[in-house]
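Residue-level listing of the chains:
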Amino acid sequence: MPDRTIEALLLEERAFAPPPAFRQSAIARDERVYDQATKDLQGFWARAAEDLHWFAKWRTVLEWTPPNAQWFVGGKTNITYNCVDRHVKAGRRTKAAIIWEGEPGDERVLTYGDLLREVSKFANVLKRLGVKRGDRVTIYLPMIPELPIAMLACARIGAPHTVVFGGFSAEALRDRINDAQAKVLITADGGWRRGNIVPLKRNADDAVAGTPTIEHVVVVRRVGDAAPIHIQEGRDHWWHRLMADASAVCEAEQLDSEDLLYILYTSGTTGKPKGIVHTTGGYMVGTYLTTKWIFDLKDDDVFWCTADIGWVTGHSYIVYGPLANGTTTVMYEGTPDYPDKDRFWAIVEKYRVNIIYTAPTAIRTFMKWGPDYPARRDLSSLRLLGTVGEPINPEAWIWYHKHIGGGRCPVVDTWWQTETGMILITPLPGITTLKPGSATRPFPGVAAEILNEQGKPVGPSEGGYLVLTKPWPAMLRGIYRDPDRYVKQYWSRFPGVYFTGDGAKQDKDGYFWLLGRVDDVINVAGHRIGTYEVESALVDNPAVAEAAVIGVTHEIKGQAIAAFVTLKEGFAAGSEMVETLKQHVVKKIGALARPEQILFTGELPKTRSGKIMRRLLRDIAEGRVLGDTTTLADQTVVQALKQRYEEEAG
Ligand code: WTA
């Protein structure tokens, strides 16, 4: 993102008011919602909750003893009931709930009626396997309909799910299963990616060899004879066999609003991923209302969020948010370039998609491929565009607006996190005047501020730490089985307020401009990766003595991983070692964490107390003039390293 210097951003003067026709028919079009929500936060969220079904109404909207929030306390509900049964009962049995586009040749449409049947059957399957309310179920599946079906079935019986992205390695899967102490694992024989097979079951077998809590593995048949697998009698069961004789009737459990809905693992600033905990009622209301207002969902809209359900974006904006609204949600199994680089636009054309929600890294890729690919297809059904996952550079925003949105569709740049559960900083497309590159302003009722080191609010155009000062319904309730880390990670940097880990500025109009992470988390193509995780993976290799990992600017991915590595005595540096170490990281974590560059060095720059000075490594990698080096133990190390880096970079 070469043009994302704050100076350039704050000079960004292009502004896009909502098109009049869009504004007139928008669901949220009255500016006063902001004031109303600020004045009466609880009333605001209670009104949203009243749109949904509760077996028993809440006693109290919010109980807030920082950092612990409880929403809709005393309420009894079920998110699956709200996402499925509610719509069937309201006469939408035959409406398309999920449109699934598989790798070429495959497609499947599930109506709300179909979804109710499949989810109920699988809920009964889970019960038959001994899953009870409160038991954790790990889901490791490709982007196939069984994934949302399994999630909704878990939620129906009150068994928290924990979805692990299919791109994670066996070891990453094992660690997540063990942290969650899951009883059942749901996987597939394989997944399709660009015509190749991803060996999910093989990874699952390797993982389960080290997971004492897993009693059963359910296997969806996706690739079949293309990749035969081993079925372990008694432990492994084919999905279709279990479903064949399962009853299609299963009442939704009446769950407490604060019952655990799911755990989703995300990278933090230590080696161990954090299990982010989301609960039922608040998450349901938060994703329901944000989807409705930000994406301006109308009854006959077709909504497509291009994320993988293995990430929070897919949880909230492919599954729960859209289905809570009774929307038709699209899910796509494959990649944007297979069989050709117009695949996304072919899908928009085929299903007459009205709203598309994707990531800046994808948009920058499309820019590189050029406007002819979208121009081949009829994109006239689109009326709203969204982005998420990383800061969007104004250039990419403008390209998206012009070449995908035909200049007529507002672009909602939505800032949020796994922890926040729902979008928090975003335009409302019928109200907000857009500025390319700015996520604009907090959603009604959301209180965001920017603080300096001392915890004092910064002035306009001054950079600082983005914090949230009031609770919101979909906020995380903790880190699974680690309450101390929850407090330390999020609520201690500035006592009593939520620390996002992001830097931001506000311009003179109060618009927020996100500046990226301020901690040791890097954002590679919209995926969060902790530098410590990659470092741990590297030093796990017998050849490596020490490693330091940083994020470097990358034109398409936003950031890429660069690793500085010191080898042990007797191991030779060179391109072979580079390849070995890259492969090692892939094996430990998954392809998403593969370092882009590895540089060998005799020593790493350290302070006198032995702390690696990543800031200097970043300066070196970005080709900047070296910052303050006075605290370095050995001044020559960094100069030599800089020289090496420049030589290697050519
Ligand atoms: C970044 C993804 C700028 C940010 C939903 C955040 C963004 C992290 C935006 C969370 C945006 C997400 N503008 N930065 N619109 N959206 N981010 O947990 O650094 O995978 O902290 O959640 O992505 O990533 P996560």
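Bear in mind the structure is a predicted one, so any value in this text is a computation, not a measurement.

A. Seen up close, the site of the ligand. Residues in contact with the ligand amount to 17 residues; listed here are only the nearest, Asp413, Thr414, Thr418, Arg517 and Arg528. Contacts to the ligand include Arg528, whose side-chain N or O atom sits 2.8 Å from an oxygen atom. Out of a free accessible area of 520 Å², the ligand has 96% covered by protein chains. For the shell around the ligand, the secondary-structure elements that each account for two or more residues are helix H12 (312-324), strand E20 (411-414) and strand E25 (512-517). In the shell around the ligand, the residues fall into six nonpolar, six polar and five charged.

B. How the structure looks around the UniProt feature "domain: Acetyl-coenzyme A synthetase N-terminal" (unreviewed entry) in the chain. Under the feature "domain: Acetyl-coenzyme A synthetase N-terminal" (unreviewed entry), the UniProt entry names residues 31-83. For the annotated span residues 31-83, helix accounts for 43% and strand for 26% of the residues, and the straight-line distance between the end C-alpha atoms is 29 Å.

C. Spatial organisation of unusual backbone geometry. A cis geometry characterises the amide bond from Pro66 onward to Pro67, with omega recorded as 0°. By secondary structure assignment, the location of Pro67 is in the loop between strand E1 (60-65) and strand E2 (68-73). The peptide bond linking Tyr338 to Pro339 adopts the cis configuration, its omega dihedral lying at 0°. Examined against the element boundaries, Pro339 turns out to sit in the loop between strand E17 (328-332) and helix H13 (343-351).

D. Looking closely at the environment of Leu141. Relative to the helices and strands, Leu141 is located in the loop between strand E6 (137-140) and helix H7 (146-157). Among the residues examined, Leu141 registers a relative accessible area of 2% and is labelled buried. Distance in space between the C-alpha atoms of Leu141 and Glu555 is 30 Å, their sequence separation being 414 residues.

E. Summary view of the pattern of salt bridges. Counted according to the given criterion, the structure contains 54 salt bridges. As a salt-bridge pair, Arg128 and Asp245 come within 3.3 Å of each other at their nearest N and O atoms. Pair noted here: Arg128 is in helix H6 (residues 112-128) and Asp245 is in the loop between helix H10 (239-244) and strand E13 (255-256), with a separation of 117 residues, a long-range link. With relative accessibility at 58%, the residue Asp245 sits in the exposed group. Close ionic contact of Asp301 with Arg383 constitutes a salt bridge, the shortest N to O distance being 2.6 Å. Here Asp301, found in the loop between helix H11 (280-294) and strand E16 (302-305), pairs with Arg383, found in the loop between helix H15 (372-375) and strand E19 (384-388); they are 82 residues apart in sequence, far enough to count as distant. Asp301 gets classed as buried once you look at its relative accessible area, which sits at 3%. Here the salt bridges share partners, and the residues they tie into one network are Asp340, Asp342, Glu349, Arg376 and Arg377.

F. Geometry of the UniProt feature "binding site: Mg(2+)" (unreviewed entry) in the chain. Listed under "binding site: Mg(2+)" (unreviewed entry) in the UniProt record, and renumbered for this structure, are Val539 and Val544. Structurally, the position occupied by Val539 is in helix H18 (residues 531-539). Those residues within four positions of Val539 in sequence are excluded, and the remaining contacts are Val544, Ala545, Glu546 and Ala547. Exposure remark for Val544: the relative accessible area of 2% places this residue in the buried category. Non-local contacts of Val544, meaning those with residues more than four positions away in its chain, are made with Leu538, Val539, Val565, Thr566, Leu567, Lys568 and Leu581.

Cut-off values and rules
- Residues numbered from 1 in each chain as written.
- Predicted model: local features only at pLDDT ≥ 70, side-chain atom pairs only at ≥ 80, totals over all residues.
- Heavy atoms only, no water.
- Near = heavy atom within 4 Å.
- Polar contact = N/O pair within 3.5 Å; in protein donor to acceptor, adjacent residues only side chain to side chain.
- Areas by Shrake-Rupley, 256 points an atom, 1.4 Å probe, with all protein chains shown as cover.
- Helix = DSSP H or I, 4+ residues; strand = E, 2+ residues; numbered from the N terminus.
- Nonpolar A, V, L, I, M, F, W, Y, C, P; charged D, E, K, R; others polar.
- UniProt positions renumbered as here; feature names shortened; annotations may be inferred.
- Buried < 20%, exposed > 50% of the residue type's maximum accessible area, 1.4 Å probe, protein only.
- Salt bridge = Lys/Arg side-chain N within 4 Å of Asp/Glu carboxyl O.
- Contact = heavy atoms within 4.5 Å.

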